[in-house]
Amino acid sequence: MKSEVVILAGGFGTRLLEVLGPRTPKPMAPFNSVPLLEHQILLCKKYGFTKILILVHHLSEVIENYFGDGSKFGVKIDFYKEQNPRGTAGAVS
């Protein structure tokens, strides 16, 4: 049985701001017209990971509203919102 997978998705995306605009978080950057995070979720499912924890912060509501509980993607998604950003991978400590 596969374990739960964790995806870091809380970055500010400052280098992509000019391309994405102020209301699109970095994980929602389109790749072939689909958010990059969706590609990651579908890959997780393909390899047997159906319980996904997404660590969010910046514009988390955009990500949470798009993916919901994950049922439309055939997975179970939970979100953990880091209250005070602590840098790369700070949410896992």
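Further up the page is the structure itself.
Parameters and conventions
- The residue numbers shown here count from 1 along each chain, following its written sequence.
- Confidence filtering applies because this is a predicted model: local features only for residues at pLDDT of at least 70, side-chain atom pairs given and counted only at 80 or more, and all residues used for totals across whole chains, interfaces and linings.
- Only hydrogens and water are removed before side-chain values are computed, so all heavy atoms of the structure are retained for them.
- In this description, strands pair whenever DSSP reports at least two bridges between them.
- Only DSSP runs of H or I covering at least 4 residues are called helices, and only runs of E covering at least 2 are called strands; the numbering of each starts at the N terminus.
- Think of each axis as a best-fit line through the C-alpha atoms, taken over the contacting stretch in the case of a helix, with angles from 0 to 180 degrees between the N-to-C directions.
- Residues are treated as being in contact if the distance between any of their heavy atoms lies within 4.5 Å.
- Every crossover in which the path from the first strand over the helix to the second runs clockwise, viewed with the strands pointing away from the viewer, is termed right-handed.
- Think of it in three bands: residues with accessible area under 20% of the maximum for their type are buried, residues over 50% are exposed, and the middle band is partly exposed, with areas taken using a 1.4 Å probe on protein chains only.
- Each salt bridge in this description consists of a side-chain nitrogen of Lys or Arg and a carboxyl oxygen of Asp or Glu lying within 4 Å of one another.
- Pairing of aromatic side chains here covers Phe, Tyr and the six-membered ring of Trp, requires ring centres within 6.5 Å, and sorts the geometry by plane angle: under 30 degrees stacked, over 60 edge-to-face, intermediate tilted.
- We call a charge positioned above a ring when the Lys NZ or Arg CZ atom is no farther than 6 Å from the ring centre and deviates by at most 35 degrees from the ring normal.

Engineer: So, the sheet that holds strand S1 (residues 5–9): which residues are in play, and what are the values?
Structural biologist: Read across the open sheet, the 3 strands follow the order S1-S4-S5; overall the sheet is parallel. Only two strands of the sheet have a single neighbouring strand rather than two, namely S1 and strand S5 (76–81). Taking each pair of neighbouring strands and ignoring which way they run, the sheet shows an average axis angle of 25°. Helix-sheet contacts for helix H2 (residues 36–46) involve S1, strand S4 (51–56) and S5, and the interaxial angle to S1 is about 175°. Packed onto the sheet, helix H3 (residues 60–67) meets S1, S4 and S5 and runs at close to 170° relative to S5.

Engineer: How would you explain the pairing of S5 if you had to name every residue and give the values?
Structural biologist: Across 6 bridges, S4 lies against S5 in parallel orientation. When the bridges of S5 are listed, Ile52 appears paired with Ile77. Handedness of the crossover joining S4 and S5 through H3: right-handed.

Engineer: Give a description of the pairing of S1 that names residues and reports values.
Structural biologist: Residue alternation in S1 divides its side chains into a buried set, Val5, Ile7 and Ala9, and an unburied set, Val6 and Leu8. Summarising the sheet, S1 and S4 pair through 5 bridges and their orientation is parallel. Along S4, the bridge assignment pairs Ile7 with Ile54.

Engineer: Describe the pattern of salt bridges, naming the residues involved and giving the relevant values.
Structural biologist: The final tally for this structure, using the stated rule, is 2 salt bridges. Residue Arg23 pairs with Glu61 through a salt bridge whose shortest N-O separation is 3.1 Å. Highlighted residues: Arg23 in the loop between helix H1 (17–20) and strand S2 (30–31) and Glu61 in helix H3, separated in sequence by 38 residues. Taking relative accessible area as the criterion, Glu61 reaches 34% and is therefore assigned partly exposed. A salt bridge links Lys76 to Asp78; the shortest N-O distance between them is 2.8 Å.

Engineer: Any chance you could break down the packing of aromatic side chains for me, citing the residues and the numbers?
Structural biologist: The tally for this structure, following the rule as stated, stands at 3 aromatic pairs. Seen in terms of ring centroids, Tyr66 and Phe67 are 4.7 Å apart; in terms of plane orientation they differ by 75°. Their pairing is edge-to-face. By relative accessible area, which is 29% here, Tyr66 ends up partly exposed. According to the relative accessible area criterion, Phe67 is buried, its value standing at 2%. The aromatic ring of Tyr66 is capped on one face by Lys72, whose charged end is 5.0 Å from the ring centroid.

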